[in-house]
Amino acid sequence: MALKAFRAATTPDHGHIGKPSDAHGRQLYLRGLALHLTNPKAILGWAAVITLSQTDGGSIPVLVFTLAACMATTIVIHFSYALAFATKPAMAAYRRARRWIEGVLAGMFGFASYKLLTST
């Protein structure tokens, strides 16, 4: 991930960021849904939240409420991301800062990799 971020940081922007895709709304939605549903961090994170609701003999109504609350939370979060970051000003700001953002990410991933390699 550090190498990928470093390559992205050192690659000039060719103006493709923020341009409309050839894919249609349904295709984009399904692609994003597949990405999120196959993300192990998201799966394990939500599974941990649901598990917490079932400690001390959690009941079916508690489980159903927890599942509904998790679904509502993730829907609100992802719609908020879409509204915040799909705007023209947000895309223009990202275009301007993209190389710096990727550079910082490369450094952070590189440092994390170093710490993992040198830990005992």
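Details of the structure are given in the entry above.
Just so it is clear, the model here is predicted, and its values are computed rather than measured. One numbering rule holds for all chains: residues counted from 1, following each sequence as written. Reporting of local features is limited, given that this is a predicted model, to residues whose pLDDT is at least 70; pairs of side-chain atoms are given and counted only at 80 or more, and all residues count toward the totals for whole chains, interfaces and linings. Think of the side-chain values as coming from all heavy atoms in the structure, minus any hydrogens and water.

Enquirer: Quick one: what's the story with the overall build of the protein chain, residue by residue and with numbers?
Expert: Note on conventions: DSSP H or I runs of at least 4 residues are helices, E runs of at least 2 residues are strands, and numbering of each starts at the N terminus. Helices and strands together make up the secondary structure of the protein chain, namely 5 helices and 0 strands. Secondary structure elements of the protein chain, listed N to C terminal, follow the sequence α-α-α-α-α. The C-alpha radius of gyration computed for the protein chain amounts to 19 Å, which surpasses the reference 14 Å derived for 120 residues by more than 25%, pointing to a less compact arrangement than a globule. Judged by the C-alpha coordinates and their principal axes, the protein chain covers about 55 × 50 × 20 Å. For the protein chain, with 120 residues in total, the buried portion stands at 11%. Radius of gyration means the value over C-alpha atoms here, while the globule rule gives 2.2 Å times the residue count to the 0.38 power. Each residue is placed in one exposure class: buried if its accessible area under a 1.4 Å probe, protein chains only, is under 20% of its type's maximum, exposed if it is over 50%, and partly exposed if it falls in between.

Enquirer: With reference to specific residues and values, describe the packing of helix α1 (residues 2–10) against helix α5 (residues 88–118).
Expert: Note on geometry: axes are C-alpha line fits, over the in-contact stretch for helices, and angles between N-to-C directions span 0 to 180 degrees. One can describe the packing of α1 onto α5 by two numbers: an axis separation of 8 Å at closest approach and a directional angle of 155°. Here α1 is positioned roughly antiparallel relative to α5, judged by the angle of their axes. For the crossing formed where α1 meets α5, the hand is left-handed. Every residue of α5 that contacts α1 at Ala2, Ala5, Phe6, Ala8, Ala9 and Thr10 is listed here: Arg98, Arg99, Glu102, Gly103, Leu105, Ala106, Phe109 and Gly110. Comment on the angle field: the value is read as roughly parallel under 35 degrees, roughly antiparallel over 145, roughly perpendicular from 65 to 115, and oblique elsewhere. A crossing counts as left-handed when the near helix is turned anticlockwise from the far one by less than a right angle, and as right-handed when that turn is clockwise. Here, two residues are considered to be in contact whenever any of their heavy atoms come within 4.5 Å of each other.

Enquirer: How would you sum up the packing of aromatic side chains? Please name residues and give values.
Expert: Ring pairs are drawn from Phe, Tyr and Trp, using the six-membered ring of Trp, whenever the two centres fall within 6.5 Å, and their geometry is named by plane angle: stacked under 30 degrees, edge-to-face over 60, tilted for the rest. According to the stated counting rule, one finds 1 aromatic pair in the structure shown. Ring geometry for Tyr81 versus Phe85: centroids 6.2 Å apart, planes at 45°, classification tilted. Highlighted residues: Tyr81 and Phe85, both in helix α4 (residues 60–85), separated by 4 residues, approximately one helical turn. Exposure remark for Tyr81: the relative accessible area of 48% places this residue in the partly exposed category.

Enquirer: Can you tell me about α1, naming the residues and giving the values?
Expert: Among the residues of α1, Ala2, Ala5 and Ala9 are the ones counted as buried. In a view along the axis of α1, the buried residues occupy a sector of 65°, so they form one face of it. Pointing more than 90 degrees away from the buried face of α1 are the exposed residues Leu3, Lys4 and Arg7. The directions from the helix axis to the C-beta atoms form the arc being described.

Enquirer: Give me the side chain of Glu102: which residues, what numbers.
Expert: Inspection of the secondary structure assignment puts Glu102 in helix α5. Those residues within four positions of Glu102 in sequence are excluded, and the remaining contacts are Ala5, Ala8, Ala9 and Tyr94.

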